[in-house]
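The primary structure of each chain is shown beneath.
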Amino acid sequence: MKDVTKLVTGRHGHKMERLDVRTVNPSINRGSTYLYDSMNHMSEVRGKARELGTQSYGINGGDITVDWQEAFCELENGFRGVAVSSGLLACTAPLLALLGQGDNLLMIDSVYGPVRTFCDNYLPRIGVSVTYYDPLCTLDELDRLRTPSTRVLYLETPGSVTFEMQDIPALAAWAKDHSLRTIIDNTWGTGLYFKPLDHGVDISTHAATKYMCGHSDVVSGAIVCNEETVREVEAIRDLFGLSVAPDEIYMGLRGLRTMAIRLPVHWHNGLALANHLKGLPEVANVLHPALEQDPGHALWQRDFTGASGLFSVVLSRDVGWEQVDAFLRALKLYGLGYSWGGFESLCVPHRPQAERTASTWPRPGIGDGFFLRFHAGLEDPDDLIADIDQAIHAMKKV
Ligand SMILES: Cc1ncc(COP(=O)(O)O)c(C=O)c1O
């Protein structure tokens, strides 16, 4: 065999013996092309891949993709998991899968902003109408918003930025009674602390970017489906070629290994910060369902087994833009940046009032000042609290 053929085919004689051992971690399978032994083998594997939702071509990944999908799916007692390349896609792909021309979507008003943009700017182009509902609305109110063409109810508990809790079992049962399918953004619940499919939800989506990956170094999405919805979601994945690189998947698997160890620290640090912040005169309200006085506390206690490190505070009305900016600049241990779920603490300002169309603002008793969303990282809580105090001190000088 000529050298060029040896190099192209990778056949170097295999003189070195291979031993039957393996590393702790899975191999990163890179590949566009699967090879088959025969035409029969090819059609057999391709048929099985369609049935089992696994791979026959590189776009659906390799063994490591199956490991990852199995891991996050099992955490929530799903039927099958679908990996996608971002949390945003994990939210939008199921909408594309379950909705079509002439359908209506009931969408929670507190939905993650870019999903709202997708609903407003893209869904109408494919003939889907979107009706927003207040996260705190009753079933009767929801019933009044429902139309004969409503097909999907989209949930999120607690809500992005404003942290309203929803009664998921009641909503899922109501949706079933009306033949609607349900999708929930369960990023905050992490799969460890809340298991939506156990409560009757059809599809649970995750920004795996956050706690699953957990180190602010990956963008990744996870979709947990029940048996009734999985083929529709897989069809969208295959139709659009929603491929995920094996390196990103490896990072997700690595993150999952320590998620159950990391999360209690995020939870308890978050509560320590929330309790401290609620005693400050500059803070009108703290929105954190694990706080006893939070209006959603009873639902959190009933349905969740823990809390993540993400919550918001509403500042007093007299704290203006310059003061908020001075506070954020003075913080030394909190980065000013989007995303969350990594090892580090973050603090980011929000104006949810500007984005909501179906909720009453200001919500009675909540306050109408600036919102600051905190993410409690894995640092020592005493240091995190001291940093807030010195930044409040700096803010007061402005
Ligand atoms: C609740 C929620 N869902 C989904 C996403 C989207 O995740 P990604 O950043 O991976 O697209 C985010 C991102 O911040 C989020 O906060």
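Residues numbered from 1 in each chain as written. Predicted model: local features only at pLDDT ≥ 70, side-chain atom pairs only at ≥ 80, totals over all residues.

## Concerning the overall build of the protein chain
Okay, so step 1: A tally of regular secondary structure across the protein chain gives 12 helices and 12 strands.
Okay, so step 2: Here the C-alpha radius of gyration of the protein chain, 23 Å, is about what a compact globule of 398 residues would show, namely 21 Å.
Okay, so step 3: Taken over the C-alpha atoms alone, the protein chain extends approximately 80 × 55 × 35 Å along its principal axes.
Okay, so step 4: Counting over 398 residues, the protein chain shows a buried share of 46%. (Helix = DSSP H or I, 4+ residues; strand = E, 2+ residues; numbered from the N terminus. Rg over C-alpha atoms; globule rule 2.2 N^0.38 Å. Buried ≥ 20, exposed ≤ 12 C-beta atoms within 10 Å, placed from the backbone.)

## Focus: the nonpolar core
Okay, so step 1: If you look at the biggest cluster of nonpolar residues, it comprises 64 residues, and the most contacted ones within it are A93, L105, V152, Y154 and I223.
Okay, so step 2: For this core, the leading source of residues is helix α4 (residues 87-98), giving 9 residues.
Okay, so step 3: In this structure V152 touches L95, L98, L99, L105, L106, L180, R181 and I183, once residues within four positions along its chain are discounted. (Core = buried A, V, L, I, M, F, W, Y, C linked by C-beta atoms within 7 Å. Contact = placed C-beta atoms within 7 Å.)

## Here we look at the sheet that holds strand β12 (residues 371-375)
Okay, so step 1: Here we have 5 strands laid out as an open sheet, ordered β8-β9-β12-β11-β10, and mixed in their pairing. Unpaired on one side and paired on the other, β8 (283-287) and β10 (334-335) mark the two borders of the sheet.
Okay, so step 2: Packed onto the sheet, helix α9 (residues 246-277) meets β8, β9 (310-315) and β12 and runs at close to 10° relative to β9. (Pairing = 2+ DSSP bridges. Axes fitted to C-alpha atoms, helices over the stretch in contact; angles between N-to-C directions.)

## What about the packing of α9 against helix α12 (residues 381-396)?
Angle between the axes and distance between the axes: these two values describe a pair of packed helices.
Okay, so step 1: Contact pair α9 / α12: the axes reach a minimum separation of 10 Å and the direction vectors enclose 30°. Where α9 crosses over α12, the two elements pack in a sense that is right-handed. Along its contact with α9, which presents N269, A272, L273, H276 and L277, the element α12 presents P381, L384, I385 and I388.
Okay, so step 2: Of the residues contributing to the contact of α9 with α12, the split by class is 7 nonpolar, 2 polar and no charged. (Left-handed = near helix turned anticlockwise from the far one by under 90°. Nonpolar A, V, L, I, M, F, W, Y, C, P; charged D, E, K, R; others polar.)

## Considering the site of the ligand
Okay, so step 1: Around the ligand, the structure places 13 residues, and the nearest of them are S86, G87, L88, A207 and T209.
Okay, so step 2: No other element matches the 3 residues that α4 contributes to the shell around the ligand.
Okay, so step 3: Tallied by class, residues from the shell around the ligand come to 5 nonpolar, 7 polar and 1 charged. (Near = placed C-beta within 6 Å.)

## With respect to the domain arrangement of the protein chain
The figure often quoted for interface size is the accessible area lost as the parts come together.
Okay, so step 1: Each domain of the protein chain was delimited in the assignment, giving domain 1 (39-254) and domain 2 (260-396).
Okay, so step 2: Placing a centre on the C-alpha atoms of domain 1 and another on those of domain 2 gives a separation of 27 Å.
Okay, so step 3: For the side of domain 1 that touches domain 2, the secondary structure elements donating two or more residues are α5 (113-121) and β3 (129-133).
Okay, so step 4: In the side of domain 1 that touches domain 2, the residues fall into 12 nonpolar, 9 polar and 6 charged. (Domains from an automatic or database assignment.)

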